[in-house]
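# A closer look at the structure
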Amino acid sequence: MPAVLPAPSLKESEIMTKLLHVDSSVLGANSVSRLLTAEVVAEWRKTHPDTSVDYLDLAVDTPNHFSADALGIKVGVQAAPTEAQRFENAVSEKLVSQFLAAHVIVIGAPLYNFSIPSQLKAWIDRLAQVGRTFKYTDKGAVGLAGGKTVIVASTRGGAYSTSEGGRAMEHQESYLKVIFGFFGITDVRFVRAEGLAMGEAAKASALASARTDIAVAVAEQAANQDLASLAA
């Protein structure tokens, strides 16, 4: 009888292979958040060369704002979904499946009017699905999308992190940390550049600080690295 060979063990690079790169700024080539997400992904690939990258530009490929049509097919209001419900459900399923397949998610999140871009919020609304990214229990909500690493490139024209009043005004980093935590993701890292509109010296300092954040964010162990160790 031919020898039965043991199944090859999974290497870390074979587990940590999927990165989702998401941009949301409407400023195109003038966007600092786009510049920083590109640098995060480039640095990540230097230390994880086998990573495959999927790219989503929410300023170009923007899902419709959340609506009754997007929700209806999920709650089973009617036995036969309408054409509009089928369309919106297909959009939601594509986006949540892409998100769940990724091990690392790099997100460009500029501060617009004290919060995130509506394009980014529309994407998050499609990810928030009962049974996919969270569920309800008798003890409350439980996240289902844990074991991922999220790296957020946070950009701001003003300075918000340096004072109590400024921190109270921002609903950007605070919101993203809460919503991804709700999905079960506890490893949320921020690469921050603030004060970008406060003069050239402030902008240069902000970019230098952000690049230090990038080095730290990329150097830290990813959330699913323990799985790689177990499978090796």
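The sections below set out a description of the structure shown in this document. (Residues numbered from 1 in each chain as written. Predicted model: local features only at pLDDT ≥ 70, side-chain atom pairs only at ≥ 80, totals over all residues. Heavy atoms only, no water.)

## Notes on the overall build of the protein chain
Selection criterion: Helix and strand labels come from DSSP, where a helix needs a run of H or I of at least four residues and a strand needs a run of E of at least two; each type is numbered from the N terminus. Pairs of residues are marked as contacts when any of their non-hydrogen atoms sit within 4.5 Å. Accessible surface is estimated by sampling points in the Shrake-Rupley manner with a 1.4 Å probe; for residues, cover comes only from the protein chains shown.
Within the protein chain, the regular secondary structure consists of 9 helices and 7 strands. Across the protein chain, the fraction of contacts at a sequence separation of at least 24, relative to all contacts at a separation of at least 6, is 77%. Roughly 12000 Å² of accessible area belongs to the protein chain as shown, and the carbon and sulfur atoms make up 58% of that amount.

## Quick word on the layout of surface pockets
Which entries qualify depends on this criterion: Only protein atoms enter the 1 Å grid, on which a cavity is a set of points fitting a 1.4 Å probe that cannot get out and a pocket is an open set with protein on both sides within 12 Å along at least 5 of 7 lines, lining residues being those with an atom within 4 Å of a point. Grid points are joined across faces, edges and corners, and a volume is the space filled by probe spheres set on the points. Ten residues, namely Ala, Val, Leu, Ile, Met, Phe, Trp, Tyr, Cys and Pro, are considered nonpolar, four, namely Asp, Glu, Lys and Arg, are considered charged, and the remaining ones, Gly among them, are considered polar.
If you add up the space inside the largest pocket, you get close to 190 Å³. Around the largest pocket sit 15 residues that line it, and L27, V32, T155, G157 and L196 are the ones nearest its centre. Elements with a minimum of two residues in the lining of the largest pocket: α2 (32-47) and β6 (149-156). Of the residues that constitute the lining of the largest pocket, the class distribution is 7 nonpolar, 6 polar and 2 charged.

## Thoughts on the sheet that holds strand β1 (residues 18-23)
The criterion, for reference: Each pair of strands is called paired provided DSSP finds at least two bridges between the two strands. The axes used here are C-alpha line fits, helices contributing only the stretch in contact, and every angle between their N-to-C directions lies in the interval 0 to 180 degrees.
Judged by pairing direction, the sheet is parallel, and its 5 strands sit side by side in the order β2-β1-β3-β6-β7 without closing on themselves. Of all the strands in the sheet, the pair left with one neighbour each is β2 (52-57) and β7 (187-194). Neighbour to neighbour, the strand axes of the sheet diverge by 15° on average, direction disregarded. Here β6 pairs with β7 via 8 bridges, running parallel. Of the residues in β7, the one forming a bridge with T155 is A193.

## Brief notes about the side chain of D23
Applied cut-off: Exposure classes here rest on a 1.4 Å probe applied to the protein chains alone. A residue is buried below 20% of its type maximum, exposed above 50%, and partly exposed in between.
Secondary-structure assignment places D23 in strand β1. Residue classification places D23 among the buried positions, given a relative accessible area of 3%. Filtering out sequence-adjacent residues up to four positions away, D23 remains in contact with S33, R34, T37, Y55, L56, D57, L58, A59 and G108.

## Here we look at the pattern of salt bridges
Pairs can form between side chains of opposite charge once their charged atoms are near each other. Here is the rule we go by: When a carboxyl oxygen of Asp or Glu is within 4 Å of a side-chain nitrogen of Lys or Arg, the pair counts as a salt bridge.
Scanning all chains against the criterion turns up 15 salt bridges. In this structure, D187 engages R189 in a salt bridge whose closest nitrogen and oxygen atoms are separated by 2.8 Å. Judged by relative accessible area, D187 falls into the buried class, the value being 16%. Overall, the relative accessible area of 7% leaves R189 in the buried class. Between E220 and R189 there is a salt bridge; the shortest N-O distance is 3.5 Å. Of this pair, E220 sits in the loop between α8 (200-219) and α9 (225-231) while R189 is found in strand β7, placing the two residues 31 residues apart along the sequence. Look at E220 and you get partly exposed, because its relative accessible area is 38%. Connected through salt bridges with shared partners, the residues R156, E170, E173, R192 and E194 form a single ionic network.

## Things to note about the environment of L207
As for its position among the elements, L207 is in helix α8. Taking the C-alpha atoms as reference points, L207 and V191, separated by 16 residues in sequence, lie 9.8 Å from one another. Setting aside residues no more than four positions away along its own chain, L207 makes contact with V32, L35 and L36.

## Points about the nonpolar core
Using the following cut-off: Only buried residues count toward a nonpolar core, which is a set of Ala, Val, Leu, Ile, Met, Phe, Trp, Tyr and Cys residues joined through side-chain atoms within 4.5 Å.
Within the largest apolar cluster, 24 residues are counted, with the highest numbers of intra-cluster contacts made by F99, I105, I107, L120, W123 and F180. Listed by contribution, the elements that provide at least two residues to this core are β1, α4 (83-101), β3 (104-110), α5 (118-127), β6 and α7 (173-182). Per-element tally for this core: the top contributor is α5, with 4 residues. Those residues within four positions of F99 in sequence are excluded, and the remaining contacts are L20, I105, W123, L127, T133, A145, K148, F180, F183 and I185. With 20 residues, the next largest nonpolar core counts V41, V106, A206 and A210 among its residues.

## Considering unusual backbone geometry
Unusually for a residue other than glycine, N113 sits at a positive phi of about 50°. Along the chain, N113 falls in the loop between β3 and α5. Although it is not a glycine, F114 sits at a positive phi angle of roughly 75°. Examined against the element boundaries, F114 turns out to sit in the loop between β3 and α5.

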